[in-house]
Amino acid sequence: MSKPLSELRKKIKPEAQTAARAKAVGIVAEMSLAEVRKARGQNQSALAKSMSIAQPNISQMENRPDALIRSSMASYQTPFRRCH
């Protein structure tokens, strides 16, 4: 019988959890906004609604050069985390 993920996480040392989280953040930082959105299974409209902005703004952000996307993502970090 398989165990819930929450129980397995309790057995992992906090240092290992912190390192894994840091690695995940690094991977996401290298992804474009569209890649992150698609990986989370969201369309532009749903993401826009969760961020309280219009869908065309998401499209514009996704079509910017990477450097601008990362700075834009930082300002929406908290709402984006809630989109899971």
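These numbers come from a predicted model, not from an experiment.

Focus: the overall build of the protein
Along the protein, the regular secondary structure elements total 7 helices and 0 strands. When its helices and strands are written in sequence order, the protein yields α-α-α-α-α-α-α. In the protein, which comprises 84 residues, the share counted as buried stands at 24%. Taking the intrachain contacts of the protein between residues at least 6 apart in sequence as the baseline, contacts between residues at least 24 apart amount to 51%.

Thoughts on the layout of surface pockets
In this structure, the second largest pocket occupies an estimated 180 Å³ of space. Around the second largest pocket sit Arg9, Gln17, Ala20, Arg21 and Ala24, which together line it. At 4 residues, the largest contribution of residues to the lining of the second largest pocket is made by helix 2 (residues 14-29). Partitioning the lining of the second largest pocket into residue classes produces 2 nonpolar, 1 polar and 2 charged.

Concerning the environment of asparagine 43
The residue asparagine 43 is located in the loop between helix 3 (33-39) and helix 4 (44-50) in this model. Taking relative accessible area as the criterion, asparagine 43 reaches 46% and is therefore assigned partly exposed. Each C-alpha atom of the pair asparagine 43 and glutamine 55 lies 9.4 Å from the other, and the pair is 12 residues apart in sequence. Among the polar contacts made by the side chain of asparagine 43, one reaches the main-chain amide nitrogen of alanine 46 at a distance of 2.7 Å.

A look at the confidence of the model for the protein
On average, residues of the protein score 80 in pLDDT, and 76% of them are at 70 or above. For the protein, helix 7 (residues 77-81) is the element with the lowest average pLDDT, namely 51, and helix 4 is the one with the highest, namely 93.

Overview of helix 5 (residues 55-62)
Turning to helix 5, its buried residues number three or more, namely Ile58, Met61 and Glu62. Burial along helix 5 is one-sided: seen end-on, the buried residues are contained in an arc of 95°.

Some thoughts on the pattern of salt bridges
Under the criterion given, the structure shown has 1 salt bridge. One salt bridge connects glutamate 62 with arginine 37, and the closest N-O pair in it is separated by 2.5 Å. With a gap of 25 residues between them, glutamate 62 in helix 5 and arginine 37 in helix 3 connect regions that are remote in the sequence. The same class applies to glutamate 62 and to arginine 37, which are both buried.

Each value, and the rule that gives it
Just so you know, the residues in each chain are numbered from 1, in the order the chain's sequence is written. In view of the model being predicted, local features appear only for residues whose pLDDT reaches at least 70, and side-chain atom pairs are presented and counted only at 80 or more, with totals across whole chains, interfaces and linings using the full set of residues. Just so you know, side-chain values use all the structure's heavy atoms and leave hydrogens and water out. Secondary structure elements are taken from DSSP: a helix is a run of H or I of four residues or more, a strand is a run of E of two residues or more, and numbering for both begins at the N terminus. Only protein chains enter the calculation, and the probe is 1.4 Å; a residue is then buried if its accessible area is under 20% of its type maximum, exposed if over 50%, and partly exposed in between. Throughout, a residue-residue contact means that at least one pair of heavy atoms, one from each residue, lies within 4.5 Å. Cavities and pockets are defined on a 1 Å grid built over the protein atoms alone: a cavity is a set of grid points where a 1.4 Å probe fits but cannot escape, while a pocket is an open set with protein on both sides within 12 Å along at least five of seven lines, and lining residues are those with an atom within 4 Å of any such point. Grid points are joined across faces, edges and corners, and a volume is the space filled by probe spheres set on the points. Lys, Arg, Asp and Glu make up the charged group, whereas Ala, Val, Leu, Ile, Met, Phe, Trp, Tyr, Cys and Pro make up the nonpolar group; the residues left over, Gly among them, are polar. Counted as a polar contact is a pair of N or O atoms within 3.5 Å, where, for protein atoms, one must be capable of donating a hydrogen and the other of accepting one, and residues adjacent in sequence contribute only when both atoms are in side chains. The pLDDT score gives, residue by residue, the confidence of the prediction method on a 0 to 100 scale. Of all possible arcs, the one meant is that of the directions from the helix axis to the C-beta atoms. By definition here, a salt bridge exists when the distance from a side-chain nitrogen of Lys or Arg to a carboxyl oxygen of Asp or Glu is within 4 Å.

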